[in-house]
Amino acid sequence: MGKEKKDNKKKKEKEETRQRALSKDGPRVSSFVYGCWRLLDDPEGSDVKRIRSKIDACLESGISTFDHADIYGGYGCEEVFGRAIKDSPELLKHIEIVTKCGIMLVDPARPDNRIKYYDHGGNHIIKSVERSLKNLNAETIDLLLIHRPGPLMDPEELGAVLDHLRKSGKIKHYGVSNFTVSQFKMLNSCTDRKLATNQVEMNPLHQAPFLDGTLDYMIQKQIRPMAWSPTGGGRIFNDSSEDAVRVRTAVQEIASRYDMEPDQVLYSWLLMHPSNPAIILGTNRPDRIRKAVESRSRQLDKQDWYAIWTAATGVEVP
Amino acid sequence: MGKEKKDNKKKKEKEETRQRALSKDGPRVSSFVYGCWRLLDDPEGSDVKRIRSKIDACLESGISTFDHADIYGGYGCEEVFGRAIKDSPELLKHIEIVTKCGIMLVDPARPDNRIKYYDHGGNHIIKSVERSLKNLNAETIDLLLIHRPGPLMDPEELGAVLDHLRKSGKIKHYGVSNFTVSQFKMLNSCTDRKLATNQVEMNPLHQAPFLDGTLDYMIQKQIRPMAWSPTGGGRIFNDSSEDAVRVRTAVQEIASRYDMEPDQVLYSWLLMHPSNPAIILGTNRPDRIRKAVESRSRQLDKQDWYAIWTAATGVEVP
Amino acid sequence: MGKEKKDNKKKKEKEETRQRALSKDGPRVSSFVYGCWRLLDDPEGSDVKRIRSKIDACLESGISTFDHADIYGGYGCEEVFGRAIKDSPELLKHIEIVTKCGIMLVDPARPDNRIKYYDHGGNHIIKSVERSLKNLNAETIDLLLIHRPGPLMDPEELGAVLDHLRKSGKIKHYGVSNFTVSQFKMLNSCTDRKLATNQVEMNPLHQAPFLDGTLDYMIQKQIRPMAWSPTGGGRIFNDSSEDAVRVRTAVQEIASRYDMEPDQVLYSWLLMHPSNPAIILGTNRPDRIRKAVESRSRQLDKQDWYAIWTAATGVEVP
């Protein structure tokens, strides 16, 4: 075997160890996922060059998975991202695209919507996926997520349309976001393939999924969650509520002791959880992207992990 | 095939399309069910003639299922209904009788009861069913429901007595009312046949079963709920609480836009739910009965459905 | 068969009827279990003679199971109990030892602990069991319980170490304490044998396990709970909160009517529950131990059972 081949093999292995399947038949994703919901809020703009610089920062850092939703940026983020794809279609060989559907926003882009609601009907889901593909300039969605559950969701109709989209090649995998365990089981019983993931909010200030069975169930079924808002949407760094201040103080003390950035401490905190979440980053700064992934190799002490947990609840564990 | 046969066949088909099974081996019930708990509160009285006029209004409207409980009307409603049956025993060929047991009221009719409690013991359940059969002048109960779960309920004893009653022919099917998912699973694991239904409160002001997994589980297991208090026991029309006022305003706006009665809007709202509930009507007015069933053919817009949901919560969906 | 043999057989049968398995393959325990968490709080001291007098009072009363935890008495109770075992090793043939692990206390005996936290890691669990065996002067633990669940608990690692300890003979059975249903299912899916029990708080002032599915699930799976704090840690007899006063009043009225001690009423109340709990007694007085077990033969009226339940909630059942 020549040197180049060996190097390629090594490089490939390195990439593969960074990418892991979300579930048995689910898609492989990188351990950090780039969240695109703030793409249009970047003070540096959102032209193709700027978008491309962030994609490159991700790829250089081992982040190959990009998380979208039809509604992000007022139904605008997919299109902006898609312009970078149109400019360099070869990117599609190196990235995985996640997108979502089902939320109906009151927005100038959707004049028919009189109220914020959910549409889990077959017609809407198909239309939404076709629009996402067009916006993203992609042939297929690697992972489609139902963005939110809703009381009017018919799992039989929804399951059938997810399988239809998979068979037609428009999507490769499907999953959900923000589902309770019983909603997950209900929809899971109506699809040919198992749901690949449940994307939920996970951070010290949002302990519900840690306590209400959501993550227990996923661990038991060996389905990894995707974690949105790993820093509580920034609340942990900016908020003046008592619990946010307590968590911030604990995180800062630990960060200084370990010589880490506070956000890295929060990523390490999540990566230590046995559910093995894929963590969604929302920053618009390429340097923060590069910095974030370093926390992959950092392990907190169990007592530090519980110090953050306890700071959030305000009382010691029982 | 002669004309009469054809007409009979058509009529039968029509009736059949109105009647649907609650679950795989469960009883067929009409999509609206007449609730008998207010039979004795009718200002027009409760003599055989009046009761019969309501039964006839139901049958003419495709309502063939009548919902009782031993305790309704201070242990009196079954007997009053039974007088109409005694007067016209052929009615039993055209109707299905649901009744319930297990609640012990402090009531002059039950001098032994010192406190409101539940008795899920075999002796009481058998005695209660035998008393219901006698009061109703019926040979069998089409569907017996355990009225409420209780912390002292022994599912092994209760499951055995339900099967005993079924085998003896005193009841044809059994189910429960107001059970949580775990109580449902527990009792279901102790009976030979599957529980046919869970009769629960369902209306915009009582969102618990829509959110806590009760209806998710039933949808997954293809068991239809029976919905009691579809109008919140009238709260939606009379109450001055903020949530009731908001729902009333939303329902009235929709009713006027669709040219429907407000209660019809609420029935349509429930009929659109994927759990396919059989809706229990509680009115004593034959004209209201006839009017109610018309909502079967009316479909609200999804946005209107969520407008009512959102009016109840007071905040837009997440 | 000689008289002695007959007597021995009778005595054995009597003992056996008192001891019942916690679950299908679980350990047999006595219907009352002696809880050792207050061993060091005894005003009469905790020398070998005093400990032995309590062990004897238990054995004479049919209590053969002793409930420990590494942390009880500031990591000191196991050792005090173990001195009585060292003094009379033959006791081990007549008793079953339960102990627990996983809680890390801030305590002079554990100077490394900076914060109260949980350690469910393999290393700690093994170390803790080995220390318990040494303290107790025992060759094996009859039943090891994971003391508390925790958000950082990895069920795969924990399940593997429990099976490792069982195969090595250091423990005979394993179970959990204070677990939710989903935590129980999660860990249960990662062990070769089924979890033998869930030790939970059960008393009229702590209705959660009666209502949240914990006991429903155990009844369904035919796993008996162990009930800690059957008298609410004494709250029912001493506390001045409204619910405690209401329960105390109801219990006293019933006690006087049945000619029982108030604590006996509470034990009978628990023994009537269909989950068949093994009840953990915490008294340090041998006379109270002997008195407690008499409640085994006393059965309350269902209305009295609900009178206590209703006193706790403050409202009649729905």
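Structure first, text after, so check above.
The structure displayed is predicted, hence computed values, not measured ones.

Quick notes on the rules
Residues numbered from 1 in each chain as written. Chains lettered and ligands numbered in written order. Predicted model: local features only at pLDDT ≥ 70, side-chain atom pairs only at ≥ 80, totals over all residues. Heavy atoms only, no water. Contact = heavy atoms within 4.5 Å. Salt bridge = Lys/Arg side-chain N within 4 Å of Asp/Glu carboxyl O. Polar contact = N/O pair within 3.5 Å; in protein donor to acceptor, adjacent residues only side chain to side chain. Helix = DSSP H or I, 4+ residues; strand = E, 2+ residues; numbered from the N terminus. Nonpolar A, V, L, I, M, F, W, Y, C, P; charged D, E, K, R; others polar. Buried area = accessible area lost by both parts, 1.4 Å probe. Least-squares fit on C-alpha atoms with pLDDT ≥ 70 in both. Buried < 20%, exposed > 50% of the residue type's maximum accessible area, 1.4 Å probe, protein only. Axes fitted to C-alpha atoms, helices over the stretch in contact; angles between N-to-C directions. Parallel < 35°, antiparallel > 145°, perpendicular 65-115°, else oblique. Left-handed = near helix turned anticlockwise from the far one by under 90°. Phe/Tyr/Trp six-rings, centres within 6.5 Å; stacked < 30°, edge-to-face > 60°. Lys NZ or Arg CZ within 6 Å of the ring centre and 35° of its normal.

Regarding the interface of chain C and chain A
You'll often see interface size given as the accessible area lost when the parts meet.
1) Next: If you look at the interface, chain C gives 24 residues, while chain A gives 23 residues.
2) Next: Linking chain C with chain A are 3 salt bridges, by the criterion used here.
3) Next: Of the charged contacts, one joins R114 of chain C and D301 of chain A as a salt bridge, the two residues approaching to 3.4 Å between their closest N and O atoms.
4) Next: Taken together, the connections running from chain C to chain A amount to 10 residue pairs in polar contact (both at pLDDT 80 or more).
5) Next: The dominant element in the side of chain C that touches chain A, judged by the number of residues it contributes, is helix α7 (residues 181-188) of chain C, at 4 residues.
6) Next: Split by residue class, the side of chain C that touches chain A holds 8 nonpolar, 8 polar and 8 charged.

Structural notes on the interface of chain B and chain A
1) Next: With 23 residues of chain B at the interface, the matching set in chain A holds 24 residues.
2) Next: A combined buried area of about 2,000 Å² lies between chain B and chain A, and 57% of that area is made up of carbon and sulfur atoms.
3) Next: The closest approach of N and O atoms between D119 of chain A and K302 of chain B, which form a salt bridge, is 2.6 Å.
4) Next: Run the count over chain B and chain A and you get 10 residue pairs in polar contact (both at pLDDT 80 or more).
5) Next: Residue assignment for the side of chain B that touches chain A shows that the elements contributing at least two residues are α9 (214-220) and α14 (302-313) of chain B.
6) Next: For the side of chain B that touches chain A, the element with the most residues is α14 of chain B, which contributes 8 residues.
7) Next: Broken down by class, the residue content of the side of chain B that touches chain A amounts to 10 nonpolar, 6 polar and 7 charged.

Section: the relation of the copies chain B and chain A
1) Next: Superposing chain B onto chain A requires a rotation of 120° together with a translation of 0.0 Å along the rotation axis, leaving an RMSD of 0.0 Å. Taken together, the rotation and translation relating the two chain copies correspond to the operation of a three-fold axis.
2) Next: An asymmetric contact is evident, with only 4% of the interface residues of chain B recurring at the interface of chain A.

Notes on the environment of I308 of chain B
All names here are of chain B.
1) Next: Relative to the helices and strands, I308 resides in helix α14.
2) Next: A relative accessible area of 0% means that I308 is categorised as buried.
3) Next: Along the sequence, I308 and Q207 sit 101 residues apart, while their C-alpha atoms lie 11 Å from each other.
4) Next: Among residues more than four places away in sequence, those in contact with I308 are P204, V247, V251, I254, V265, W269 and L300.

Some remarks on the side chain of K100 of chain B
Residues and elements named next belong to chain B.
1) Next: Counting through the fold element by element, K100 comes out in strand β5 (residues 96-101).
2) Next: Since its relative accessible area comes to 1%, K100 is described here as buried.
3) Next: Of note is the side chain of K100, whose polar atom sits 2.7 Å from the side chain of D67.
4) Next: The residues touching K100, leaving out its near neighbours within four places in the chain, are D67, H68, A69, D70, Y72, L144, L145, H147 and Q199.

Details of the pattern of salt bridges
1) Next: Applying the stated criterion across every chain, the model contains 61 salt bridges over all chains.
2) Next: Residues R288 of chain C and E261 of chain C are paired through a salt bridge, measuring 4.0 Å at the closest nitrogen-oxygen approach. Placement of R288 of chain C in helix α13 (residues 286-293) and of E261 of chain C in the loop between α11 (242-258) and α12 (262-271) is noted, with a sequence separation of 27 residues between them.
3) Next: Because the salt bridges share partners, they merge into one network encompassing R114 of chain A together with E253, R257, D301 and D304 of chain B.

Side note on the packing of α11 of chain C against helix α14 (residues 302-313) of chain C
In a pair of packed helices, the angle between the axes and the distance between the axes together describe the arrangement.
All names here are of chain C.
1) Next: Contact geometry for α11 and α14: axes closest at 7 Å, N-to-C directions at 160°. Taken as axis vectors, α11 and α14 run roughly antiparallel relative to one another. In this structure, the crossing between α11 and α14 has a hand that is right-handed. Counted together, D243, R246, V247, A250, V251, I254, R257 and Y258 of α11 and D304, A307, I308, A311, A312 and T313 of α14 form the full contact between these two elements.
2) Next: Of the residues that constitute the contact of α11 with α14, the class distribution is 9 nonpolar, 1 polar and 4 charged.

Looking at the packing of aromatic side chains
1) Next: Enumeration over the complete set of coordinates arrives at 36 aromatic pairs over all chains.
2) Next: A centroid spacing of 5.6 Å and a plane angle of 80° characterise the contact between F210 of chain C and W309 of chain C, whose relative ring orientation is edge-to-face. You can see F210 of chain C sitting in helix α8 (residues 208-211) and its partner W309 of chain C sitting in helix α14, a full 99 residues away along the chain. Both residues of the pair, F210 of chain C and W309 of chain C, count as buried.
3) Next: An aromatic cluster of three or more residues is present, and its members are Y117 and Y118 of chain A together with F210, W269, W305, Y306 and W309 of chain B.
4) Next: The aromatic ring of Y75 of chain B is capped on one face by R110 of chain B, whose charged end is 3.9 Å from the ring centroid.

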